[in-house]
Amino acid sequence: MHTRDARRSELASDCANCFGLCCVALPFSASAGFPYDKPEASPCRNLAGDFRCGVHADLRERGYTGCTVFECFGAGQKVSQRTFSGTDWRAAPGTAQDMFASFGVMRRLHELLWYLTEALERPEAGPLHAELGEAYDRTERLSLGTPEELKALDTDALRGEAAPLLRRTSELVRKGAPGPGKDRAGADLMGARLRKADLRAACLRGAYLIAADLRGADLRTADLLGADLRDTDLRGADLSGALFLTQPQVNAAKGDASTAIPDALDRPGHW
């Protein structure tokens, strides 16, 4: 199993070593944070010859907010450089469909690896580290498969197998943490007024927090796995130590310089 730094490095997107896969493989529509409709397996009109985005510096201003939210968890460069050995889909058009399909599977695998990595970093989950390590190693081995092997994977089943471990990790971490520890898993909190709320050690898994007001809220050790944070106002909120928070969730929210986020995440440029 890799060291902590090696795991984190592999799960961070590296666009310089990717063949623009998110800009080609994935579809988008004008009604979901993009200025026009694009079918899957079709290059974005802004994709340059070197696989870079021609309008990257002005994505939000040009209506591509969906691009600024997306994160591949390092799947793009792994498919480009490992699965397809550095041969791009333009040079070898016959590989395109398999490459794009592999990217979708790889992203789901790498997202799972992100969660397992965090669980392994939590000292409170020490009793589970052996099982978590086995789950990580198995997922990593599967991610090294051929395009045919990747295509055959049932990533939903794989995530289902890991779910109890992640849930038990959450319980162990939150059990010993200060705070009310409210259970609001799956709750409809869209537009909720939760300014300065004490949500320490809360279970907010899968909660709908779209456009909720969480300014100044305390979310330390709150479990945010799968929570919908689109347009959630996190200005001044404390999410340091929050469980299973991902870069796409942070990117989709509103924050500022006073918003505290876990060290493993990058502060969005639009904050």
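An unreviewed UniProt entry lists the chain under the name Pentapeptide repeat-containing protein, with Nocardiopsis endophytica given as the organism.

*Asks:* Could you give me a rundown of the packing of aromatic side chains, with the residues and numbers involved?
*Replies:* Tallied over the entire structure, the rule returns seven aromatic pairs. When the ring of Phe 51 is compared with that of Trp 89, the centres are 5.8 Å apart and the planes differ by 65°; the resulting orientation is edge-to-face. With Phe 51 in the loop between α1 (4–10) and α2 (65–69) and Trp 89 in the loop between α3 (75–83) and α4 (96–121), the pair connects residues that are 38 residues apart, well separated along the chain. Considered together, Phe 51 and Trp 89 belong to a single accessibility category, that of buried residues. With a centroid separation of 6.0 Å and an interplanar angle of 55°, the aromatic rings of Phe 73 and Trp 114 are classed as tilted. With Phe 73 in the loop between α2 and α3 and Trp 114 in helix α4, the pair connects residues that are 41 residues apart, well separated along the chain. The class of Phe 73 is buried, set by a relative accessible area of 1%. Three or more aromatic residues joined by ring pairs make a cluster, and in this case those are Phe 19, Phe 51, Trp 89 and Phe 100. The aromatic ring of Trp 114 is capped on one face by Arg 8, whose charged end is 4.3 Å from the ring centroid. The ring of Tyr 36 has Arg 45 lying over it, and the distance from NZ or CZ to the ring centre is 3.4 Å.

*Asks:* Report on the layout of surface pockets, specifying residues and quantitative values.
*Replies:* Approximately 180 Å³ is the volume found for the second largest pocket. Together, twelve residues line the second largest pocket, and Arg 8, Glu 118, Glu 121, Pro 262 and Ala 264 are the ones closest to its centre. For the lining of the second largest pocket, the elements supplying multiple residues, two or more each, are α1 and α4. Ranked by the residues each element gives to the lining of the second largest pocket, the list is headed by α4, at three residues. Here the residues of the lining of the second largest pocket are counted per class, giving six nonpolar, no polar and six charged.

*Asks:* Can you explain helix α5 (residues 129–143)? Please cite residues and give values.
*Replies:* In this model α5 runs 21 Å from its N-terminal to its C-terminal C-alpha over 15 residues, within 8% of the 21 Å that 1.5 Å per residue would give. Those residues of α5 that fall on the buried side of the exposure criterion are Leu 132, Gly 133, Ala 135, Tyr 136, Thr 139, Glu 140 and Ser 143. Down the axis of α5, the buried set is contained in an arc of 165°. They therefore lie on one face. The exposed residues of α5 that point more than 90 degrees off its buried face are Ala 130, Glu 134 and Arg 141.

*Asks:* How would you summarise the packing of α4 against helix α7 (residues 155–175) if you had to cite specific residues and measurements?
*Replies:* Across the interface, α4 lies against α7 with an axial gap of 10 Å and an inter-helix angle of 15°. The angle between the axes of α4 and α7 places the two elements in the roughly parallel class. Judged by the twist between their axes, the crossing of α4 over α7 is left-handed. Along the contact surface, α4 presents Val 105, Arg 108, Leu 109, Glu 111, Leu 112, Tyr 115, Leu 116 and Ala 119, while α7 presents Thr 155, Leu 158, Arg 159, Ala 162, Leu 166 and Thr 169. Within the contact of α4 with α7, the residues separate by chemical class into nine nonpolar, two polar and three charged.

*Asks:* Can you lay out the packing of α4 against α5 for me, pointing to particular residues and giving the numbers?
*Replies:* The geometry of α4 relative to α5 is characterised by a closest axis approach of 10 Å and an angle of 160° between their N-to-C directions. The angle between the axes of α4 and α5 places the two elements in the roughly antiparallel class. Crossing handedness for the pair α4 and α5: left-handed. Residues Met 106, Leu 109, Leu 112, Leu 113, Leu 116, Thr 117, Ala 119 and Leu 120 of α4 pack against His 129, Leu 132, Gly 133, Ala 135, Tyr 136, Thr 139, Glu 140, Leu 142 and Ser 143 of α5. Of the residues that constitute the contact of α4 with α5, the class distribution is eleven nonpolar, five polar and one charged.

Thresholds, definitions, all that
Residues numbered from 1 in each chain as written. Predicted model: local features only at pLDDT ≥ 70, side-chain atom pairs only at ≥ 80, totals over all residues. Heavy atoms only, no water. Phe/Tyr/Trp six-rings, centres within 6.5 Å; stacked < 30°, edge-to-face > 60°. Helix = DSSP H or I, 4+ residues; strand = E, 2+ residues; numbered from the N terminus. Buried < 20%, exposed > 50% of the residue type's maximum accessible area, 1.4 Å probe, protein only. Lys NZ or Arg CZ within 6 Å of the ring centre and 35° of its normal. 1 Å grid on protein atoms, 1.4 Å probe; cavity = no way out; pocket = protein on both sides within 12 Å on 5 of 7 lines; lining within 4 Å. Points joined across faces, edges and corners; volume = space filled by probe spheres on them. Nonpolar A, V, L, I, M, F, W, Y, C, P; charged D, E, K, R; others polar. Expected span 1.5 Å × (residues − 1). Arc of directions from axis to C-beta. Axes fitted to C-alpha atoms, helices over the stretch in contact; angles between N-to-C directions. Parallel < 35°, antiparallel > 145°, perpendicular 65-115°, else oblique. Left-handed = near helix turned anticlockwise from the far one by under 90°. Contact = heavy atoms within 4.5 Å.

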